[in-house]
Amino acid sequence: QNIDTTWVHSLERQDPINVGNNLTIRQPHHSPVVNRQNIVIAPGEGFGHGTHPTTLLSLSLLEKALQIHETPRLLDLGTGTGILALSALAWGAHRVWAVDSDPLAIAAAQRNALESDLIDDVVFAHSEDPLLETFHGCVANLYLGALTASAPLLAKVCEPDRKSTRLNSSH
């Protein structure tokens, strides 16, 4: 079976992307950009390579939110490549839970976290795994249907104004 990978090759030709005040999104073959936080996002599986308008908008909003609110624990629902999770860590989040329904996306996000030297600050999980924690903030760059379906879960686990707690797994 022939699979069209033109889009992956088009991503490989991208230059590093500067986002906000101090973040650079680069690929593994790019040299680190000095005097900026660098995260590595390799082309391949998972959504979120830094070029899509919704990703750029999400990054802009995330940076602003993290400047205003201390966010020790963040949930990235539908992590894809891990671009939002890794950016949040670069911008000051202490720990991020990166959740996705696609095992290939989770594997890509893990590789990107390893390349970005942030692997120890991310918990990776499949969306079917129970979330036993609450979070100071949540990000989800998802389609409207998926976001609407996730709303009850997000309302349960995201408590930005309260101290994070461990959820009782019997709920």
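Details of the structure are given in the entry above.
A quick note: this is a predicted structure, and the numbers were derived from the prediction, not measured.

### A short note on the overall build of the chain
Then, number 1: Looking only at helices and strands, the chain has 5 helices and 7 strands in total.
Then, number 2: Reading the helices (α) and strands (β) of the chain from amino to carboxyl end gives α-β-β-β-α-β-α-β-α-β-β-α.
Then, number 3: Of the contacts made within the chain by residues no fewer than 6 positions apart, 61% connect residues no fewer than 24 positions apart.
Then, number 4: For the chain, the accessible area works out to roughly 9,600 Å², and carbon and sulfur atoms hold 53% of it.

### A look at the packing of aromatic side chains
The relation between two aromatic rings is expressed through the spacing of the ring centres and the mutual angle of the planes.
Then, number 1: Considering all chains together, one arrives at 1 aromatic pair under this definition.
Then, number 2: Judged by centre distance (5.2 Å) and plane angle (70°), the ring pair of Trp 97 and Phe 135 falls under edge-to-face. With Trp 97 in strand β5 (residues 95–100) and Phe 135 in the loop between β6 (122–126) and β7 (137–139), this residue pair connects regions lying 38 residues apart in the sequence.
Then, number 3: Given a relative accessible area of 0%, Phe 135 falls into the buried group.
Then, number 4: Note that Arg 95 overlies the ring of Trp 97, its terminal NZ or CZ placed 5.8 Å from the centroid.

### Thoughts on the nonpolar core
Then, number 1: With 28 residues, the main nonpolar core has Ile 25, Ile 39, Leu 62 and Leu 86 as its most contacted residues.
Then, number 2: At the level of elements, β1 (17–19), β2 (23–26), α2 (53–68), α3 (83–90), β5, α4 (103–115) and β6 are the ones that each hand at least two residues to this core.
Then, number 3: When residues of this core are assigned to their parent elements, the largest contribution, 7 residues, is made by α3.
Then, number 4: Residues in contact with Leu 86, not counting those within four places in the same chain, are Ile 39, Val 40, Ile 41, Asn 112, Ala 113, Ser 116, Leu 118 and Val 122.
Then, number 5: Core analysis: the second largest hydrophobic core is formed by 10 residues, Trp 97, Ala 125, Phe 135 and Leu 154 among them.

Definitions and limits used
- Residues numbered from 1 in each chain as written.
- Predicted model: local features only at pLDDT ≥ 70, side-chain atom pairs only at ≥ 80, totals over all residues.
- Heavy atoms only, no water.
- Helix = DSSP H or I, 4+ residues; strand = E, 2+ residues; numbered from the N terminus.
- Contact = heavy atoms within 4.5 Å.
- Areas by Shrake-Rupley, 256 points an atom, 1.4 Å probe, with all protein chains shown as cover.
- Phe/Tyr/Trp six-rings, centres within 6.5 Å; stacked < 30°, edge-to-face > 60°.
- Buried < 20%, exposed > 50% of the residue type's maximum accessible area, 1.4 Å probe, protein only.
- Lys NZ or Arg CZ within 6 Å of the ring centre and 35° of its normal.
- Core = buried A, V, L, I, M, F, W, Y, C linked by side-chain atoms within 4.5 Å.

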